Amino acid sequence: MDALDHAILDILRADARTSVNVIAQQVHISRANAYARIKRMTDDGVILGYRVVTDPVSAGFRSSAYVSMSVDQRRWQEIRAALDALPEIEHVALVGGDFDVMVLVRARDNRDLRRIVLEEIQSIDGVTSTQTFLIFEDHQPKATS
């Protein structure tokens, strides 16, 4: 990874729909070179994919929370797979500190959030405790080049 690769990544983070031609122009390289760099970063696993970022409230998810979890770490792989299967979970992180896992949950409303935490997450074998932190407001920083 060099400075040009990082510049390309900055452009794609700001708008993943940016064409290879525009990227090439912005970083002052040929289209073929830009394409080859993007392909290499994709093949190497630097670029994992492209996604649509939505406003959760506008998309119908009016209740969001971070849920910290203490887990039996020997069962982490199984727990992660169970969390991945829950469509309401947007992000999962194994962390160090007072708890083991932090997840971001998007729910239709507080009743749905309660169901997800109490019936889905807490029922996963190996989850020993949870704590829920309600999100009052989300902010997505804009990517900078």
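These numbers were taken from a predicted model, which means no experiment stands behind them.

*Asks:* Mind laying out the layout of surface pockets, listing which residues take part and the relevant values?
*Replies:* Rolling a probe over the atoms, with the probe sized like a water molecule, indicates the empty space that remains. Taken as a whole, the largest pocket spans an internal volume of roughly 1,400 Å³. Lining of the largest pocket is provided by 33 residues; of these, Arg13, Arg51, Val52, Val53 and Gln140 occupy positions nearest its centre. Among the secondary structure elements, those contributing two or more residues to the lining of the largest pocket are helix H1 (3–14), strand S2 (89–94) and strand S3 (101–107). Here the lining of the largest pocket is composed, by residue class, of 18 nonpolar, five polar and ten charged.

*Asks:* Would you mind going over the sheet that holds strand S4 (residues 127–134) in detail, with residue names and values included?
*Replies:* Pairing is antiparallel in the open sheet, where four strands are placed in the order S2-S3-S1-S4. Of all strands in the sheet, those with a lone pairing partner are S2 and S4, marking the two edges. For this sheet, the mean inter-axis angle between neighbouring strands, taken without regard to orientation, is 20°. The sheet strands contacting helix H4 (residues 76–84) are strand S1 (63–71), S2, S3 and S4, and the helix crosses S2 at an angle near 165°. Contacting S1, S2, S3 and S4, helix H5 (residues 110–121) crosses the sheet at an angle of about 140° to S3.

*Asks:* Pulling in residues and values, what's your account of H5?
*Replies:* Each turn of an α-helix holds 3.6 residues, which means side chains three or four residues apart point in the same direction. Buried residues of H5: Asp112, Leu113, Ile116, Val117 and Ile121, and no others. Mapping the buried residues of H5 onto a view down its axis gives an arc of 130°, with all of them on the same face. Regarding H5, its N-cap is Asp109, as a side-chain oxygen of that residue lies 3.2 Å from the backbone nitrogen of Arg111 further along.

*Asks:* Give me the environment of Gly60: which residues, what numbers.
*Replies:* When you line up the elements, Gly60 lands in the loop between helix H3 (31–43) and S1. Along the chain, Gly60 and Phe133 lie 73 residues apart, while their C-alpha atoms are 19 Å from each other. Those residues within four positions of Gly60 in sequence are excluded, and the remaining contacts are Ala107 and Arg108.

*Asks:* Run through the packing of helix H2 (residues 20–27) against H3, naming residues and quoting values.
*Replies:* One way to put it is that H2 packs onto H3 with a least axis distance of 8 Å and a crossing angle of 105°. On the basis of their axis angle, the class for H2 and H3 is roughly perpendicular. Listed contacts from H3 to Val20, Asn21, Ile23 and Ala24 of H2 are Arg31, Ala34, Tyr35 and Ile38. Classifying every residue of the contact of H2 with H3 gives six nonpolar, one polar and one charged.

*Asks:* An account of unusual backbone geometry is needed here, citing residue identities and associated values.
*Replies:* The backbone of His28 shows a phi angle near 65°, a positive value even though the residue is not glycine. Along the chain, His28 falls in the loop between H2 and H3. Overall, the relative accessible area of 70% leaves His28 in the exposed class.

*Asks:* Any details on the pattern of salt bridges? Residues and values, ideally.
*Replies:* Overall, the coordinates contain 14 salt bridges when judged by the stated rule. Between Arg37 and Asp2 there is a salt bridge, with its nearest N and O atoms 2.9 Å apart. Here the residue Arg37 occupies a position in helix H3, and Asp2 occupies one in the segment before H1, the gap between them amounting to 35 residues. The salt bridge partner of Arg106 is Asp138, with a shortest N-O separation of 2.5 Å.

*Asks:* Which residues make up the packing of H1 against H2, and what values go with them?
*Replies:* Between H1 and H2, the shortest axis-to-axis distance is 10 Å and the interhelical angle comes to 130°. Of the possible angle classes, the one that applies to H1 and H2 is oblique. For H1 against H2, the interelement crossing comes out right-handed. Here Leu4, Ala7, Ile8, Ile11 and Leu12 of H1 come into contact with H2, specifically with Ile23, Gln26 and Val27. Of the residues that constitute the contact of H1 with H2, the class distribution is seven nonpolar, one polar and no charged.

Cut-offs used in this document
Residues numbered from 1 in each chain as written. Predicted model: local features only at pLDDT ≥ 70, side-chain atom pairs only at ≥ 80, totals over all residues. Heavy atoms only, no water. 1 Å grid on protein atoms, 1.4 Å probe; cavity = no way out; pocket = protein on both sides within 12 Å on 5 of 7 lines; lining within 4 Å. Points joined across faces, edges and corners; volume = space filled by probe spheres on them. Helix = DSSP H or I, 4+ residues; strand = E, 2+ residues; numbered from the N terminus. Nonpolar A, V, L, I, M, F, W, Y, C, P; charged D, E, K, R; others polar. Pairing = 2+ DSSP bridges. Axes fitted to C-alpha atoms, helices over the stretch in contact; angles between N-to-C directions. Contact = heavy atoms within 4.5 Å. Buried < 20%, exposed > 50% of the residue type's maximum accessible area, 1.4 Å probe, protein only. Arc of directions from axis to C-beta. Polar contact = N/O pair within 3.5 Å; in protein donor to acceptor, adjacent residues only side chain to side chain. Parallel < 35°, antiparallel > 145°, perpendicular 65-115°, else oblique. Salt bridge = Lys/Arg side-chain N within 4 Å of Asp/Glu carboxyl O. Left-handed = near helix turned anticlockwise from the far one by under 90°.

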